Amino acid sequence: MADAADLRETTSSRARRWLRRTGTLLAAAPVLAGVLQAPAAPAAHAAGKPTGSRSVGVDITSLTPTAPTKSDTLTVSGTVTNDSASTVSGSHVGLRVGPTLEGRNAIDSAARRTGYQQGADGSEIGGKYTKKIGKLGAGVSRDFTLSIPVNELHLGENGVYQLGVSLTGQTQSRPWEQVLGIKRTFLPWQSGAPSKKTQLTYLWPLISTPHVTSRTDADEDRTPIFRDDRLKAELAPGGRLQQMVSLGKNLPITWVIDPDLLATVDAMTREYDVQKRHGDGTTAGRGQAVAKRWLNDLQKAVEGHQVVALPFSDPDIASLAHHGTSVPGALSHLRDATELASTTVQTVLGVKPRTDFAWPANGAVDSSIVDVATSAGAHNVIARSDSLRETGNLSYTPSAARQIGGGNTAVVSDARLSTAFTGDMSKADNSTLAIQRFLAQSQMINLQSPDRQRSIVVAPQRTPTTSQAQAMAAALDGLSGQWTQPMNLGQAAKAKPDPNATQHVPSTRAYPASLRRQELPTQAFKDVDKTQGTLNRFEPILTAKYRVVTPFGNAIRREMSTSWRGNALGATHFRDGVQHYLDGLTKKVRLIPKTDMTLSGRSATIPVTVQNNLVQGVQLRLVLKSRQGNRLAVSEPQVVNVEGGHSQSVKFGTTANANGPVWVAAQLVTPDGQPYGDEMPFEVNVTEITSTVILVIAGGVLLLVLAGIRIYLQRKRTVTANSGDEDAEDANEDEATDTEAGGDDPASAPVPEQPSDPAPDTGSQSAGASGAGEKVDH
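Residues numbered from 1 in each chain as written. Predicted model: local features only at pLDDT ≥ 70, side-chain atom pairs only at ≥ 80, totals over all residues. Heavy atoms only, no water.

Enquirer: Explanation requested: the packing of aromatic side chains in the structure shown.
Expert: The way to describe two aromatic rings as a pair is by their centre distance and the angle between their planes. Counted under the stated rule, the structure contains 7 aromatic pairs. Judged by centre distance (6.2 Å) and plane angle (50 degrees), the rings of Tyr 202 and Trp 204 are tilted. Plain terms: the ring middles of Phe 421 and Phe 438 are 5.5 Å apart, the flat faces sit at 40 degrees to each other, and that makes the pair tilted. Taken as a pair, Phe 421 in the loop between helix H12 (415-418) and helix H13 (428-448) and Phe 438 in helix H13 lie far apart in primary sequence, 17 residues in all. Of the aromatic side chains, those joined through ring pairs into one cluster are Tyr 202, Trp 204, Phe 421 and Phe 438. Between the NZ or CZ atom of Arg 215 and the centre of the ring of Tyr 581, over which it lies, the distance is 5.6 Å. (Phe/Tyr/Trp six-rings, centres within 6.5 Å; stacked < 30°, edge-to-face > 60°. Helix = DSSP H or I, 4+ residues; strand = E, 2+ residues; numbered from the N terminus. Lys NZ or Arg CZ within 6 Å of the ring centre and 35° of its normal.)

The structure is reproduced here in structure tokens:
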């Protein structure tokens, strides 16, 4: 943002600086002369070892109080390290109070400066307020602590003072007292209450990466399966998320929460399983206790605070705007995620959140991002001042709210304050300097225009580390309302916009290339569309849709999460895993393959078996089509209901009009008429029996019947006749006649198989393929 204190200087301030520069040159003259007469630098200098006022490193590990008052005693602790190759002797550490800094840019310049600059770094407060170090060998470190009453600092008008901690000593090559190392920080000084305090909104984000897969156990409770159990450590005492809640409960903040995190932790309060790192098995999750404690603490922490819910799983709005709008249905996922957000937060936390805020990654916006964000109902877009830059040459930092057209508001967070704690705050030196710099910048905003009250928003990184969160909390504690007063995000969005502040949203070309390289590619949204299409075809056949639609719907939303930025490989693996698992489920409902079969006769039935290996029942329609309907006609489609873990055979009636092979195909169809799975073709061989053959067979049967009657009568006469040779000869003569007429005894001849005899039907539990030449009943 433009800064008048950086661009417009008063005549008196220019005069003061001229006098300081003149004094600096005069004071530096003897030193410069000594430098010119000094011997050549030692070999260590050639080797890259620091020399001069950079010979000794100074770290400030603690400064209390961070914003002192007149009655306080300032205590500064730290470490000095001899980074040179020479021994330092006769050294001591002291404080140096420089002049007040004039503008926000001056703070940045002082923070970047290394090495000692006489005049600009002020004079040392000597005497009893220094700390003797003495001899300091090469590579040796010593700790120090300095304490000095604030009134001994001789601070004047309100403002940000440069505070230096320096080590003064001498070396063998330069045997005179000189500053060999210095570290600068900032001391905000407010001797009295300002006429108007700056209204400060600080966002406190509770966001994590996706931890839950699309898989659930087959039990009645649909036990979720997690990708890992890392969230347990974040929720445990000392963990990142535990610290965010513990610190945030006592701070004047606005909670910004990803509802997916709440849903995930809520799932952890019950039984859950975790994928094994290698293999397909799972192990029992062990985070129930910490999850319950964390949710309980969070419910108490948000009481009395405003809660802003991001769309479920924090979708990457910029990626969607730049790569997803060309993919059908992509924007619908953002709308669904927004609707789900409110329900999730209310269910888990029992509070009604604001869902009308969108937060693009790093607050970087362009016209397409704003269009996508507002299309899902977010009429407030959280931007950042290094994206929506000031162009009006303002002399102060304007309020955050900007009207950007269409009834939409851009809430522009301050870039300097928002990025103050993005470094490695685990080092005490870094966190101490970051806290003092944050306080200095916030006070400078107030000093820019003391009579003009403005509202400033701070939107830090999405997932602060534990040390970053602790530094943020320390900075907010340090403010103590001296020149700021808290305001929630909703109030900041409604604050009266500054008419002189920029309202122009950058074009798409202005989006930073470094952020664009981290975005989800178009292929990611195509993968999302593919998975959604598979789910849409699967859902209609299910009798317990919620068991599948809910976990896969959430998984699809997680595929679009902002947390995948910088982890393209992880994002791809997650999407592939969701699609692979869904494909596996859909294939559990299938047709049992059939081999070629034979139909004997004009009318017969063809059985087709549907197998369901899901744990829930399914309902489909089964269609059997003849590819030559004039030769083989098939009955109408049938509705099939198959319980989970069962198979069901369906019989189709057929009418044959001609002999020979005919190809037919079985196809499962969803209740809404969409094909389900691949078509299953098989060949049916029709063998129709003609009328001539039937007549021949009937005639043969009649002859056999007549011959049997004659034999019966002959034998009856034989039984009733008198015994004797004459009877025997008659019987022999009759048998000879029978042999000539009928051949073998028909009573002992086998009965041929009839074409109309029914074959066994395929049972309802059969899962095997039909055998070759299968015969079916009429």
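Enquirer: It is not clear to me how the confidence of the model for the protein should be interpreted in this structure. Could you clarify?
Expert: As a note on interpretation, predicted positions should not be read in detail where pLDDT is low. Per-residue pLDDT for the protein has a mean of 86; in total, 84% of the residues score no lower than 70. With pLDDT under 50 throughout, residues 1-47 is counted as low confidence; its partners more than four residues away or in other chains account for 50 contacts. In this model, residues 723-778 is a region of pLDDT below 50 whose contacts with residues beyond four sequence positions or in other chains number 64 contacts. (pLDDT = per-residue confidence, 0-100. Contact = heavy atoms within 4.5 Å.)

Enquirer: Could you clarify how one ought to interpret helix H18 (residues 546-558) in this entry?
Expert: Side chains three or four residues apart in an α-helix point the same way, a direct result of the helix having 3.6 residues per turn. With 13 residues, H18 should reach 18 Å at 1.5 Å per residue; the first-to-last C-alpha distance of 18 Å fits that figure. Extensive coverage of H18 is indicated by the burial of 10 of its 13 residues. The complete set of buried residues in H18 reads Arg 547, Val 548, Pro 551, Phe 552, Gly 553, Asn 554, Ala 555, Ile 556, Arg 557 and Arg 558. Buried residues belonging to H18 abut strand S10 (212-216), helix H7 (259-268), helix H10 (330-349), helix H17 (522-538) and helix H19 (568-586). (Expected span 1.5 Å × (residues − 1). Buried < 20%, exposed > 50% of the residue type's maximum accessible area, 1.4 Å probe, protein only.)

Enquirer: Whenever I open this one, the pattern of salt bridges confuses me. Can you help?
Expert: Oppositely charged side chains can form a pair if their charged atoms are brought close together. Evaluated as defined, the whole model comprises 18 salt bridges. Its salt-bridge partner being Asp 260, residue Arg 558 comes within 2.9 Å of it at the nearest N-O pair. Taken together, the residues span a long stretch of sequence, with Arg 558 in helix H18 and Asp 260 in helix H7 at a distance of 298 residues. Relative accessible area serves as the criterion here: at 3%, Asp 260 is assigned to the buried category. As a salt-bridge pair, Asp 316 and Arg 565 come within 2.8 Å of each other at their nearest N and O atoms. You can see Asp 316 sitting in the loop between strand S15 (307-309) and helix H9 (317-324) and its partner Arg 565 sitting in the loop between H18 and H19, a full 249 residues away along the chain. Each of the two residues, Asp 316 as well as Arg 565, counts as buried. (Salt bridge = Lys/Arg side-chain N within 4 Å of Asp/Glu carboxyl O.)

Enquirer: Help me understand the side chain of Gln 443 in this model?
Expert: Residue position: Gln 443 is located in helix H13. Side chain to side chain, Gln 443 and Gln 190 meet in a polar contact 3.0 Å long. (Polar contact = N/O pair within 3.5 Å; in protein donor to acceptor, adjacent residues only side chain to side chain.)

Enquirer: Looking at this structure, how should I read the environment of Ala 284?
Expert: When you line up the elements, Ala 284 lands in strand S14 (residues 282-284). Looking at Ala 284, the relative accessible area reads 51%, which means it is exposed. Leaving out residues up to four positions away in the same chain, Ala 284 has contacts with Tyr 272 and Asp 273.

Enquirer: Can you walk me through the pairing of strand S28 (residues 646-656) in this structure?
Expert: Here strand S24 (residues 603-612) pairs with S28 via 10 bridges, running antiparallel. Looking at S28, one finds that Val 610 is bridged to Gln 648. As judged from the 3 bridges shared by strand S26 (residues 632-634) and S28, these two strands associate in the antiparallel manner. Residue pairing in the sheet places Leu 632 in a bridge with Ala 656 of S28. (Pairing = 2+ DSSP bridges.)

Enquirer: Where do I start with the nonpolar core in this structure?
Expert: Generally speaking, soluble globular proteins have nonpolar side chains that are buried together. Membership of the largest hydrophobic core comes to 72 residues, with the highest contact counts inside it found for Phe 538, Val 608, Leu 622 and Val 684. Apart from the residues within four sequence positions on either side, Val 684 is in contact with Met 597, Leu 599, Ile 606, Leu 632, Gly 660, Pro 661, Val 662 and Val 664. Counting 55 residues, the second largest nonpolar core, distinct from the first, contains Leu 241, Leu 251, Val 348 and Ile 456. (Core = buried A, V, L, I, M, F, W, Y, C linked by side-chain atoms within 4.5 Å.)

Enquirer: What am I meant to see in the packing of H13 against helix H14 (residues 466-479) here?
Expert: For any two helices packed against each other, the geometry is given by the interaxial angle and the distance between the axes. Two numbers describe how H13 lies on H14: the axes approach to 9 Å, and their chain directions differ by 40 degrees. On the basis of the axis angle, H13 is oblique to H14. For the element pair H13 and H14, the recorded crossing hand is right-handed. Where H13 abuts H14, its residues Ser 431, Ile 435, Phe 438, Leu 439 and Ser 442 lie against Ala 471, Ala 474, Ala 475, Gly 478 and Leu 479. (Axes fitted to C-alpha atoms, helices over the stretch in contact; angles between N-to-C directions. Parallel < 35°, antiparallel > 145°, perpendicular 65-115°, else oblique. Left-handed = near helix turned anticlockwise from the far one by under 90°.)

Enquirer: Any chance you could explain the sheet that holds S26 here in plain terms?
Expert: Adjacent strands of a sheet pair through backbone hydrogen bonds, lying either parallel or antiparallel. If you walk across this open sheet you meet the 4 strands as S22-S24-S28-S26, and the pairing is antiparallel. Unpaired on one side and paired on the other, strand S22 (589-591) and S26 mark the two borders of the sheet. Strand-to-strand, the axes of this sheet are offset by a mean angle of 30 degrees, without reference to chain direction.

Enquirer: Explain the sheet that holds strand S11 (residues 224-226) to me, please; I cannot follow it from the model alone.
Expert: Across the sheet, 4 strands lie side by side as S10-S11-S13-S14; this open sheet has mixed pairing. Every interior strand has two partners, whereas the edge strands, S10 and S14, have only one. Taken pair by pair, the neighbouring strands of this sheet meet at an average axis angle of 40 degrees, ignoring direction. By the bridge criterion, 2 bridges tie S11 to strand S13 (residues 273-275) in an arrangement that is parallel. Counterpart to Phe 226 in the pairing with S13 is Val 274.

Enquirer: Help me understand the pairing of strand S20 (residues 455-458), please; the structure alone is not making it clear to me.
Expert: Within a regular strand, side chains alternate between the sheet's two faces. Burial of the side chains of S20 extends over both faces: Ser 455 and Val 457 are buried on one face and Ile 456 and Val 458 on the other. With 4 bridges joining them, strand S9 (residues 198-206) and S20 adopt parallel strand pairing. Of the residues in S20, the one forming a bridge with Tyr 202 is Val 458.

Enquirer: Just checking my understanding: could you explain the environment of Gly 122 for this structure?
Expert: Turning to its location among the elements, Gly 122 is positioned in the loop between helix H4 (104-112) and strand S4 (124-125). Distance in space between the C-alpha atoms of Gly 122 and Leu 95 is 9.2 Å, their sequence separation being 27 residues. Leaving out residues up to four positions away in the same chain, Gly 122 has contacts with Arg 96, Val 97, Gly 98 and Tyr 116.

Enquirer: What exactly am I supposed to notice about the side chain of Arg 402 here?
Expert: Tracing the sequence through the fold places Arg 402 in strand S18 (residues 401-403). Within polar-contact distance, the side chain of Arg 402 engages the backbone oxygen of Ser 399 at 3.0 Å.

Enquirer: Just checking my understanding: could you explain unusual backbone geometry for this structure?
Expert: Trans peptide bonds make up most of the peptide bonds, and negative phi angles are found at most residues other than glycine. That bond from Thr 64 to Pro 65 is cis: its omega, -15 degrees, falls within 30 degrees of zero. You can see Pro 65 is positioned in the loop between strand S1 (56-64) and strand S2 (73-82). The phi torsion at Asp 314 lies on the positive side, around 50 degrees, for a residue other than glycine. Looking at the element boundaries, Asp 314 is found in the loop between S15 and H9. Of note, Ser 480 is a non-glycine position whose phi angle comes to about 50 degrees, a positive value. In this fold, Ser 480 is placed in the loop between H14 and strand S21 (484-486).

Enquirer: Where do I start with helix H6 (residues 240-248) in this structure?
Expert: In terms of burial, H6 is a largely internal element, 7 of the 9 residues being buried. Listed as buried for H6 are Arg 240, Leu 241, Gln 242, Gln 243, Met 244, Val 245 and Gly 248. At its buried positions, H6 is contacted by S9, helix H5 (231-235), strand S12 (254-257), H7, helix H8 (288-301) and H14.

Enquirer: Would you explain the packing of H6 against H8 in this entry?
Expert: The geometry of H6 relative to H8 is characterised by a closest axis approach of 9 Å and an angle of 25 degrees between their N-to-C directions. For the element pair H6 / H8, the angle class is roughly parallel. Crossing angle aside, the handedness with which H6 passes H8 is left-handed. Along its contact with H6, which presents Leu 241, Gln 242 and Val 245, the element H8 presents Trp 294, Asp 297, Leu 298 and Ala 301.

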